Amino acid sequence: MNSIILRVGTRYLCGILVLFSLYMLIRGHNEPGGGFIGGLIGSTGFVLFAIACGTADARAALKVLPQNIAMAGLGIALLAGIAAALFGDALFTGQWLFINETADSKGIPLSTVLVFDIGVYLVVFGSILSIVFAMEEEI
Amino acid sequence: MTDTATATKPTGNGLVGVVPVGIALLLFGWFLSLAPAIADGQSLRFVWDWVPSLGISLSFLLDGLSLTFALLISGIGAMVLLYSNTYLAGHPQFARFALFLTSFMLAMLGLVLADNLIGLFVFWELTTITSYLLIGFGHDTEKGRRSALQALFVTGAGALALLAGFILLGTSMGSFELSVILAQADELKAHALYLPILILILAGTFTKSAQFPFHFWLPNAMAAPTPVSAFLHSATMVKAGVYLMARLHPGMSGTDVWFWTLTIAGAFTAVFASVLALRQTDLKQALAYTTLMALGTLTLFLGQTSGYAMTAFATFLIVHSLYKASLFLVVGCIDHATGTREADVLGGLGRAMPVTAFAAGLAALSMAGFPPFLGFIGKELKYAGILAIGSEPFLFASALLLANALMFAVAGIVALRPFWQKTGKPLPRTPHEAPWPMLLGPVVLAVLGALFGVNPDLLQVSLVDPTVKSLLGSIEDAKELKLWAGVNMPLILSIATVALGTALYLGHKRLRSALGRLVEAAPNFDRGWDRFLVGLKGFAAWQTRIIQPGVLRRYIFATFATVLIAVGGTMIARQAWPALPDLSDVTFQNIALVLLISAGAILTAITSSRVAAMAALGVVGIGVAMIFIVFSAPDVAITQLLVETLVVVLVAVALLRLPVLEKDGPDRRPLDAILAGTIGLSVTLVLLAVLETPIDLRLTDYFEATSWPGAFGRNIVNVILVDFRALDTFGEVAVVVIAALSAYALLRTTHPRKDP
């Protein structure tokens, strides 16, 4: 698509969308959001980029092959599940670590559940982009 | 005269040729050490629970019958492996061959030792597969591939029937253990399912042991290397069917069906095969047909239940394995030395290959049934057994007489003429004596045939009597093996056999041409096989054209129509109509949404503009998302909106760049619309019916209660996804990756990637 407005605007839009997707990912546990939604929003940003500037530029901006991102996400999700076995629980039991926990606030919660969600995010992100990029180049 | 060819040829394959021989010898020694216990009358059993919930265990039983087979398999296996180390010396794929042959030997041992029906079936199929690999070892010839495939299909189809028979047998007798089943013999014979079980199991055993009309794969299997034929098609694999029938004999014999089926099939195969054996000029083919004859004879005797018949069976089993394996290996030596196997061309080899000639002579004398060889004892017992048959002894005895006479003639053709007769025709290579690893097998086996003939007591006590005990239940019924039993009917029949056999041998050339004309006129199963395969492939192609035409519309139509018939048909059949729902709290919002979605759907269906169809699809998606918002499901609504956007993008990319297609036939959209509408209606009715039943809210309560305290999350949907049901999500995510990679691969293969 040969629109210079879209081309320039998309660079910023894509960045904002990726940032927004990370925000949706992290807020998912207590508010609407989560890994799937984050992944969808993030990939939408790059799909917009591909439509505006062409898939070559989009692939270069992504730097990594989208298939690799998807597989990495799958591996991270698996590791998050297996990590529970290291602590003696059943597979995929969430292991929680609270930093700065005080009597009236939970502090900063870190968990394998969040790692699993990050894995889901990467899977969705990578899968959608691999299909869309291939279709854009193909057809 | 030195033969430079052998001077430069490698004489072995190193370690990979010797290790299998060692394994076989170890197994043989182990079984031999267990022989005294079996001779005492014990039977050894070993059980390992494999799938206890289904009653499948790996149980092994060593009694007389299985010990006989195990010794034959491991002993002949050791010699065949040693032989092939030299026969295939320097062959680039020898390691593979050794692997296949050893796997086959182990699978066969598992088969004869198995006491569990399913375990036995697993080993049965393992022998089918390994023998396919072995027959197809010469896979660069068309004939080799075809023969291997034919053997696989015929025995494989029989094996399917066998599995069905086994399952019926196991479920009707309450256990899959053979020892348990055979102990309930009377119940089995009187059972309502006895006939189907028998038919299915016999289908399996007749295909494996090449009884008429499933015999045609065995002569073609001679395309395998000679050691393979010596092992599989004379001593072991084809005898698997005979073994199974013998193993089931205590439980299933005695009925008329069993008697007549086995007797007629066995007798016919025996006579038919021995007549055809006379016609062959290729030595290996002649031996293949005589193997068929032996299998027919063994089947014939398994049909009966008298002591003579069972003793004849046990003895002939051993006799046949010994001389047949020996003769096959001798033919391999001849082939290796001279380069040909044609009986018309070979002659005068006695001088150049004396040891081979000696082994061949001994084996042939055993095959022809001369005293004092074991073959003679076997023949006497066979005649005694056939005369003790329940009905029509005269008919079957004459059939057996004819078959034995023909065997006598073939023994002469295969083992005597190549060595002692002069043909004057030139041979492709100058013959020389075979190296000792190739001679050891034939000599040992042939000498054993002579030794056991002169002194059969050891054989009787250790193998024959326990085998008869396995078959009939007690040692008492076993008859004695002796060379001279007085002048009786069997002896007279033996003399008649010798006379008839000699006449046939002397006139075999003239008989051959007459037989040739007869065989051409008869229906040929082998050619029928080719036509059957062509027909099968044609049927498969026709069926695929109808079911998988490549048009996406037709797949979706077929899928939805089937769902409609299944769901709607069930509702109509059971009159399970839901009551009309309570529509009193329907707001203006809901009605507007329904109208919006319906408008979008209808527009998608009737418009002929691609852009309008895409936009209408988007409207439908957004309408569904708004339903989720109205009913307070924000996560689902967000996901739906985003997915909708992406779908519109993808569809735009695909649809807008497709070329304008020509109309191919009348407009089918009204029919599709009707189908779509009806499916929608039936799904609605199903949902209304489901909503009528009270919902079990236990899970909902649990999630509500545990989400914050236990899982530290207030968004219950997300907590369910990534914590409570994380394993499910992991599976879904894996599917997403697989789908994406598959789609990517499919998109990539049609066009090469353009330059970035």
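Worth saying up front: this structure is predicted, and the values here are computed from it rather than measured. Numbering of residues starts from 1 in each chain and follows the order in which that chain's sequence is written. In the order they appear in the text, chains get letters beginning with A and ligands get numbers beginning with 1. At least 70 in pLDDT is required for a residue's local features to be given in this predicted model, at least 80 for side-chain atom pairs to be given and counted, and no such filter applies to totals for whole chains, interfaces and linings, which use all residues. To get the side-chain values, all heavy atoms of the structure are used, and hydrogens and water are removed first.

K.L.:
Would you mind going over the overall build of chain B with me for this structure?
P.N.:
Numbering goes from the N terminus for both helices and strands, where a helix is a DSSP run of H or I of at least four residues and a strand is a run of E of at least two. Check the secondary structure of chain B and you find 32 helices and 2 strands. A burial count over chain B gives 48% of its 756 residues as buried. Residue pairs at least 24 apart in sequence account for 79% of intrachain contacts in chain B once pairs closer than 6 positions are excluded. Note on areas: Shrake-Rupley with a 1.4 Å probe; residue coverage comes only from the protein chains shown. Of the accessible surface of chain B, which amounts to about 35100 Å², a share of 70% is contributed by carbon and sulfur atoms. Think of it in three bands: with a 1.4 Å probe and only protein chains considered, a residue is buried below 20% of the maximum accessible area for its type, exposed above 50%, and partly exposed in between. By the convention used here, residues are in contact when the closest approach between their heavy atoms is within 4.5 Å.

K.L.:
Looking at this model, I keep getting lost on the overall build of chain A. Mind explaining?
P.N.:
In terms of helices and strands, chain A carries 5 helices and 2 strands. Tracing chain A from N to C terminus, the helices and strands come up as α-α-α-α-β-β-α. Counting across all 139 residues of chain A, residues that qualify as buried make up 49%. As presented, chain A carries roughly 6600 Å² of accessible surface, and 70% of it is formed by carbon and sulfur atoms.

K.L.:
I tried to follow the environment of Leu133(B) on my own but got confused; where do I start?
P.N.:
Residues and elements named next belong to chain B. Along the chain, Leu133 falls in helix H5 (residues 117–135). On the accessibility criterion, Leu133 (31% relative accessible area) is partly exposed. Distance in space between the C-alpha atoms of Leu133 and Leu101 is 9.2 Å, their sequence separation being 32 residues.

K.L.:
Help me understand the environment of Phe46(A), please; the structure alone is not making it clear to me.
P.N.:
Residues and elements named next belong to chain A. Mapped onto the elements, Phe46 comes out in helix H2 (residues 35–53). Residue classification places Phe46 among the buried positions, given a relative accessible area of 11%. Setting aside its immediate chain neighbours within four residues, Phe46 contacts Cys14, Val18, Ala58, Ala61, Leu62, Phe125, Leu129 and Phe133.

K.L.:
Where do I start with the interface of chain B and chain A in this structure?
P.N.:
The extent of an interface is frequently quoted as the accessible surface area lost upon association of the parts. The interface of chain B with chain A comprises 43 residues on the first partner and 46 residues on the second. As a working definition, buried area equals the accessible area (1.4 Å probe) given up by two parts on being put together, with both sides summed. Carbon and sulfur atoms supply 73% of the area that chain B and chain A bury against each other, a total of about 4000 Å² over both sides. When the area that chain B buries against chain A is broken down by residue, the three leading residues are Leu646(B), Phe712(B) and Phe730(B), summing to 15%. Only one rule defines a salt bridge in this text: a Lys or Arg side-chain nitrogen within 4 Å of an Asp or Glu carboxyl oxygen. Here chain B and chain A share 1 salt bridge between them. Between Glu137(A) and Arg748(B) there is a salt bridge, and its shortest N-O distance comes to 2.5 Å.

K.L.:
Before we go on, may I ask you to explain the nonpolar core in this structure?
P.N.:
If you look at soluble globular proteins, the nonpolar side chains tend to sit buried side by side. Counting residues in hydrophobic clusters, the biggest one holds 184 residues, and the most contacted among them are Phe31(B), Leu169(B), Trp217(B), Phe231(B) and Phe313(B). Looking at this core element by element, the count peaks at 20 residues for helix H16 (residues 307–338) of chain B. Leave out the neighbours within four places in its chain, and Phe313(B) touches Leu65(B), Val242(B), Ala246(B), Leu298(B), Phe301(B), Leu302(B) and Leu471(B). The definition of a nonpolar core used throughout is a set of buried Ala, Val, Leu, Ile, Met, Phe, Trp, Tyr and Cys residues joined through side-chain atoms within 4.5 Å. Within the second largest apolar cluster, 41 residues are counted, among which are Ile41(A), Phe116(A), Phe730(B) and Ala734(B).

K.L.:
Please clarify how the packing of helix H14 (residues 256–279) of chain B against helix H19 (residues 393–420) of chain B should be interpreted in this entry.
P.N.:
Two numbers describe a pair of packed helices, the interaxial angle and the distance between the axes. Residues and elements named next belong to chain B. For the pair H14 and H19, the least separation of the axes is 9 Å and the interaxial angle reads 30°. As the angle between them shows, H14 and H19 are arranged roughly parallel. In the crossing of H14 with H19, the sense of the turn from one axis to the other is left-handed. Touching Trp260, Thr263, Ala267, Ala270, Val271, Ser274, Val275, Ala277 and Leu278 of H14 are Phe396, Ala399, Leu402, Ala403, Leu406, Ala409, Val410 and Ile413, all from H19. Across the contact of H14 with H19, the residue classes tally to 15 nonpolar, 2 polar and no charged. Fitting a line to C-alpha atoms yields each axis, with helices limited to the stretch in contact; the angle taken between N-to-C directions then spans 0 to 180 degrees. Every angle not falling under 35 degrees, over 145, or within 65 to 115 is termed oblique; those three ranges are roughly parallel, roughly antiparallel and roughly perpendicular. Definitions for this section: a left-handed crossing has its near helix turned counterclockwise from the far helix by less than a right angle. A right-handed crossing has that turn clockwise. Three categories are distinguished: nonpolar for Ala, Val, Leu, Ile, Met, Phe, Trp, Tyr, Cys and Pro, charged for Asp, Glu, Lys and Arg, and polar for the others, with Gly belonging to the last.

K.L.:
Help me understand the pattern of salt bridges, please; the structure alone is not making it clear to me.
P.N.:
In a structure, side chains of opposite charge can pair up when their charged atoms sit close to one another. All names here are of chain B. Taken as a whole and assessed by the stated rule, the structure comprises 11 salt bridges over all chains. Here Asp115 makes a salt bridge to Arg45, at a shortest N to O gap of 2.7 Å. One end of the pair, Asp115, is in the loop between helix H4 (94–113) and H5; the other, Arg45, is in strand S1 (residues 44–51), and 70 residues separate them in sequence. By relative accessible area, Arg45 is classed as partly exposed at 41%. In this structure, Asp672 engages Arg553 in a salt bridge whose closest nitrogen and oxygen atoms are separated by 3.3 Å. Taken as a pair, Asp672 in helix H29 (residues 669–692) and Arg553 in helix H25 (residues 552–574) lie far apart in primary sequence, 119 residues in all.

K.L.:
Help me understand the packing of H4(B) against helix H12 (residues 239–247) of chain B in this model?
P.N.:
Residues and elements named next belong to chain B. With their axes 10 Å apart at the nearest point, H4 and H12 run at an angle of 15° to one another. On the basis of their axis angle, the class for H4 and H12 is roughly parallel. When the axes of H4 and H12 are compared, the crossing they make is right-handed. Counting all contacts with H4, which are made through Met108, Leu111, Val112 and Leu113, the residues of H12 involved are Ala240, Tyr243 and Arg247. Looking at the contact of H4 with H12 residue by residue, the classes come out as 6 nonpolar, no polar and 1 charged.

K.L.:
Explain unusual backbone geometry to me, please; I cannot follow it from the model alone.
P.N.:
Most of the time, phi is negative for any residue but glycine, and the peptide bond is trans. Residue and element names in this part refer to chain B. Omega for the peptide link from Phe212 to Pro213 comes to 0°, which places this bond in the cis form. By secondary structure assignment, the location of Pro213 is in the loop between helix H9 (194–208) and helix H10 (217–220). Positive phi values are uncommon outside glycine, yet Ala210 reaches one of about 55°. Within the secondary structure, Ala210 sits in the loop between H9 and H10. Ala210 gets classed as buried once you look at its relative accessible area, which sits at 0%. Even without a glycine there, the phi angle at Ser632 is positive, about 60°.

K.L.:
What is the right way to look at the confidence of the model for chain B in this model?
P.N.:
Reading predicted coordinates in detail is not appropriate for stretches of low pLDDT. For every residue, the predictor assigns a confidence score, pLDDT, that lies between 0 and 100. Per-residue pLDDT for chain B has a mean of 85; in total, 97% of the residues score no lower than 70. Low pLDDT, under 50, characterises residues 1–8 of chain B; the predicted model gives this stretch 4 contacts beyond four residues in sequence or across chains.

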